[in-house]
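This is what each chain is made of:
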Amino acid sequence: MNSRKSWWILFIISLCVIVPFMAPYFLIDPEKSRIQISSTSIQYPTLISHIFFAFIALIAGFLQFVKKIRSRYPRIHRMIGTIYYTSVFISGILSLIVIFYIENFSKVMSFLVLAILWIFTTIKGIHSAKKKNYNAHQIWMTRSFGITLVAVSGRVLVPFILLAYFLLNGLHLPGGRERMVEEALNVNIWVGLLINLIIIEWIILKRKVD
Ligand code: HEM
């Protein structure tokens, strides 16, 4: 499959996965939130803003991998790049506040590691571009965008994690369905992050070898 086709497939899958998750927040009504809201003055507005800027980062990130824009319109590439990294920083910092309201420790740690890696890889990407090391810039931005996509993979993986839970418990559901879903949502970001990081490093290595 050529890279243009895979780009389109990944783009469409990402939108199909993330937009329904964003939908309950379009109404800006804390009652409609899928996540339990304990503070309407801090947690909810922060969550909404996180989602808004994360979505901009997702779209801008996809546009940065369009070869035509990169090679023919470097100014547009730089402009979208600025939108990408500004959105990552704003959304990443806001997510650090949202994390405070999560109760499960494994889930807290997964989002914390995700946010730190998101910001770190993006800083490395900007830094290498400023030093005109475009090879390193491409590598770090690929890592940064791969981490952005954990928002997609973490959600796509949930049905597989549910299946693994069911199978590993000998086709039983100790604690019922609710506990199974809760357990899956406590680990899905870890699983998504690990898989995305392996895929990203594989892509980077493959590019080097080719
Ligand atoms: C990669 C770094 C990211 C971090 C660290 C992060 C962090 C978080 C956190 C902590 C929550 C609250 C979860 C909870 O309380 O259970 C959340 C929710 C959410 N985030 Fe992000 N996020 C990231 C990327 C993204 C991206 C790229 C999008 C795409 C638009 C996104 C969209 C959402 C949505 C829609 C929710 C609400 C989920 C729901 O209702 O189930 N996030 N995020």
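Going along each chain's sequence as written, the residues are numbered from 1 onward. Thresholds applied to this predicted model are a pLDDT of at least 70 for local features of residues and 80 or more for the giving and counting of side-chain atom pairs; totals over whole chains, interfaces and linings are not thresholded and use all residues.

- As annotated in an unreviewed UniProt entry, the protein chain is DUF2306 domain-containing protein from Gottfriedia luciferensis.

Quick word on the packing of helix α2 (residues 43–64) against helix α6 (residues 134–148)
Right, on to step 1. At a closest axis distance of 10 Å, the pairing of α2 and α6 adopts a crossing angle of 140 degrees. When the axes of α2 and α6 are compared, the pair comes out oblique. Along this stretch, α2 crosses α6, giving a crossing that reads as left-handed. Across from A57, L58, G61 and Q64 in α2, the residues of α6 making contact are M141, F145 and T148.
Right, on to step 2. Broken down by class, the residue content of the contact of α2 with α6 amounts to four nonpolar, three polar and no charged. A fitted line through C-alpha atoms represents every axis, and for helices the fit uses only the stretch in contact; the resulting angles, taken between N-to-C directions, go from 0 to 180 degrees. Secondary structure elements are defined from DSSP: runs of H or I of at least 4 residues count as helices, runs of E of at least 2 residues count as strands, and each element is numbered from the N terminus. Roughly parallel means an angle under 35 degrees; roughly antiparallel means over 145; roughly perpendicular covers 65 to 115; every other angle is labelled oblique. In this scheme the crossing of two helices becomes right-handed for a clockwise turn of the near helix relative to the far one and left-handed for an anticlockwise turn of less than a right angle. By the convention adopted here, residues make contact when the C-beta atoms placed from their backbones lie within 7 Å. Polar here means any residue outside two lists: the nonpolar Ala, Val, Leu, Ile, Met, Phe, Trp, Tyr, Cys and Pro, and the charged Asp, Glu, Lys and Arg; Gly therefore counts as polar.

Details of the UniProt feature "transmembrane region" (unreviewed entry) in the protein chain
Right, on to step 1. UniProt positions are given in the numbering used here, feature names are shortened, and annotations may be inferred rather than shown by experiment. Within the UniProt annotation, "transmembrane region" (unreviewed entry) is assigned to residues 7–27, 47–66, 82–102, 108–126, 147–167 and 187–205.
Right, on to step 2. Spanning residues 108–126, this segment combines 100% helix with 0% strand, and its end C-alpha atoms are found 27 Å apart.
Right, on to step 3. Spanning residues 147–167, this segment combines 90% helix with 0% strand, and its end C-alpha atoms are found 29 Å apart.

With respect to the packing of helix α8 (residues 158–168) against helix α9 (residues 176–209)
Helix packing geometry: the angle between the two helix axes and the distance between the axes.
Right, on to step 1. Where α8 contacts α9, the axes come no closer than 9 Å and their chain directions differ by 125 degrees. By the angle class used here, α8 and α9 are oblique. Helix-helix and strand crossings are classified by hand; for α8 and α9 the assignment is right-handed. For the pair α8 and α9, contact is made by V158, I161, L162 and Y165 and by M180, E183, A184, V187, N188 and V191, respectively.

Quick word on the nonpolar core
Right, on to step 1. Within the largest apolar cluster, 31 residues are counted, with the highest numbers of intra-cluster contacts made by A54, A57, Y84, V88, L114, W118 and V150.
Right, on to step 2. Mapped by element, the contributors of at least two residues to this core are α2, α4 (74–99), α5 (105–130), α6, α7 (150–156) and α9.
Right, on to step 3. If you tally residues by element for this core, the top one is α2, at nine residues.
Right, on to step 4. Here A54 is in contact with S91 and A151, once residues within four sequence places are set aside. Any set of buried Ala, Val, Leu, Ile, Met, Phe, Trp, Tyr and Cys residues joined through C-beta atoms within 7 Å is what this text calls a nonpolar core. Partly exposed residues are those whose C-beta has more than 12 but fewer than 20 other C-beta atoms within 10 Å; 20 or more makes a residue buried and 12 or fewer makes it exposed, with C-beta atoms placed from the backbone.

Quick notes on the site of the ligand
Right, on to step 1. Here is the check we use: build the C-beta atom from the backbone, and if it is within 6 Å of the molecule or strand, call the residue near. Among the 23 residues in the neighbourhood of the ligand, the closest are listed as R34, A54, S95, A115 and A151.
Right, on to step 2. Broken down by secondary-structure element, the contributors of at least two residues to the shell around the ligand are α1 (3–26), α2, α4, α5, α6 and α7.
Right, on to step 3. In terms of residues, the shell around the ligand owes the most to one element, α2, which gives six residues.
Right, on to step 4. Looking at the shell around the ligand residue by residue, the class counts come to 19 nonpolar, three polar and one charged.

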